[in-house]
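# Topology and contacts: notes
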Amino acid sequence: LPISLECPWQNSSAPECSEHRGFMVHGLWPQNNSGPFLQDCITNPPPASGTAPVADIMPQDIIEHEWEKHGTCTGLSSDQYFALIRKVFDSIKIPGQFASPSQSFTTRPAALKDAFEKSNPSLADQDMAIQLASGKYLSALKICLTKGDNPTPVACASNVGDVHGGTFIVPPILQ
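This report concerns the structure included in the present document. Being a predicted model, the structure only gives us computed values, none of them experimental.

### Here's the deal with the pattern of salt bridges
Tallying each qualifying case throughout the model produces five salt bridges. Across the pair Asp 56 and Arg 86 runs a salt bridge whose closest N-O atoms are separated by 2.4 Å. Highlighted residues: Asp 56 in the loop between strand S2 (24-28) and helix H1 (60-69) and Arg 86 in helix H2 (residues 78-91), separated in sequence by 30 residues. Between Lys 118 and Asp 114 there is a salt bridge whose closest N-O contact spans 3.0 Å. With Lys 118 and Asp 114 both in helix H4 (residues 109-119), this residue pair falls four residues apart, about one helical turn. In this structure Lys 118 comes out as exposed when scored by relative accessible area, which is 65%. Each of Asp 56, Arg 86 and Asp 90 takes part in one network of salt bridges that share partners.

What follows is the structure, encoded as structure tokens:
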């Protein structure tokens, strides 16, 4: 189950990326160890309910979409799905230098992972995957987790892409 902390600083016109509020949750996606993310598991999914726990950490524009596309594949009700997203998000400490930067800076993917490992002792390099947009902005940090009520970090499957080299820009968070 990767949870994707997305679009924190990406220069994007996507509605969920427009506010530059720092790390936000894009989704929690079930995945087979050897296959792609599961999606569209229910033809006519029930509408999302119980979204209040994620209102401050997940862009409103994508909540219903994420429930329909991936949440319905978890075997959870929407209330349980959104409560689990909140629980996982609250268990991850965003390193200080990335939480709310007031000035722009450049860093490497390895430095981001190292900062997350130091702030979250249960995380290891292989439990995270970094994706960059346009080669210069962080697009996503995916943290891979075990399935269940108390997910713990686990090595990401080989098909969860990861960037290892280069640098990316962290612009300041818009207040």
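The discussion continues.
### Let's talk about the environment of Lys 136
When you line up the elements, Lys 136 lands in the loop between strand S4 (128-133) and strand S5 (137-144). Its relative accessible area of 43% is what places Lys 136 among the partly exposed residues. The spatial distance from the C-alpha of Lys 136 to the C-alpha of Gly 166 is 8.6 Å, given a sequence separation of 30 residues. With sequence-adjacent residues up to four places away left out, Lys 136 is seen in contact with Thr 167, Phe 168 and Ile 169.

### Re H1
If you check which residues of H1 are buried, you get Ile 62, Ile 63, Glu 66 and Trp 67. Looking straight down H1, one finds its buried side chains confined to an arc of 140°; they lie on one side. Next to the buried residues of H1 lie S2 and H2.

### Some points on the packing of H1 against H2
At a minimum axis distance of 11 Å, the contact between H1 and H2 shows a crossing angle of 115°. Classified by chirality, the crossing of H2 by H1 is right-handed. Along the contact surface, H1 presents Ile 63, Glu 66 and Trp 67, while H2 presents Ser 78, Tyr 81 and Phe 82. Of the residues contributing to the contact of H1 with H2, the split by class is four nonpolar, one polar and one charged.

### With respect to H2
Here H2 spans 20 Å end to end across 14 residues, near enough to the 20 Å set by a 1.5 Å rise per residue. Within the span of H2, buried status applies to Ser 78, Tyr 81, Phe 82, Leu 84, Ile 85, Arg 86, Val 88 and Phe 89.

### Observations regarding the environment of Thr 167
Relative to the elements of secondary structure, Thr 167 occurs in the loop between S5 and strand S6 (168-170). Each C-alpha atom, one on Thr 167 and one on Lys 136, is 6.7 Å from the other, the two residues being 31 residues apart in sequence. The contact partners of Thr 167, leaving out residues within four places of it in the chain, are Thr 106, Thr 107, Arg 108, Pro 109, Leu 132, Gly 135 and Lys 136.

### Digging into the side chain of His 26
Positionally, His 26 belongs in strand S2. For His 26, a relative accessible area of 14% puts it in the buried group. Of note is the side chain of His 26, whose polar atom sits 3.0 Å from the side chain of Glu 66.

### Some points on the pairing of S4
Bridging between S4 and S5 involves six bridges; their strand directions are antiparallel. The residue bridging Ile 130 from the neighbouring strand is Leu 141, located in S5. Where S4 hands over to S5, the hairpin turn is made up of three residues, of which Ser 134 adopts a positive phi near 55°.

Calculation rules
- Residues numbered from 1 in each chain as written.
- Predicted model: local features only at pLDDT ≥ 70, side-chain atom pairs only at ≥ 80, totals over all residues.
- Heavy atoms only, no water.
- Salt bridge = Lys/Arg side-chain N within 4 Å of Asp/Glu carboxyl O.
- Helix = DSSP H or I, 4+ residues; strand = E, 2+ residues; numbered from the N terminus.
- Buried < 20%, exposed > 50% of the residue type's maximum accessible area, 1.4 Å probe, protein only.
- Contact = heavy atoms within 4.5 Å.
- Arc of directions from axis to C-beta.
- Axes fitted to C-alpha atoms, helices over the stretch in contact; angles between N-to-C directions.
- Left-handed = near helix turned anticlockwise from the far one by under 90°.
- Nonpolar A, V, L, I, M, F, W, Y, C, P; charged D, E, K, R; others polar.
- Expected span 1.5 Å × (residues − 1).
- Polar contact = N/O pair within 3.5 Å; in protein donor to acceptor, adjacent residues only side chain to side chain.
- Pairing = 2+ DSSP bridges.

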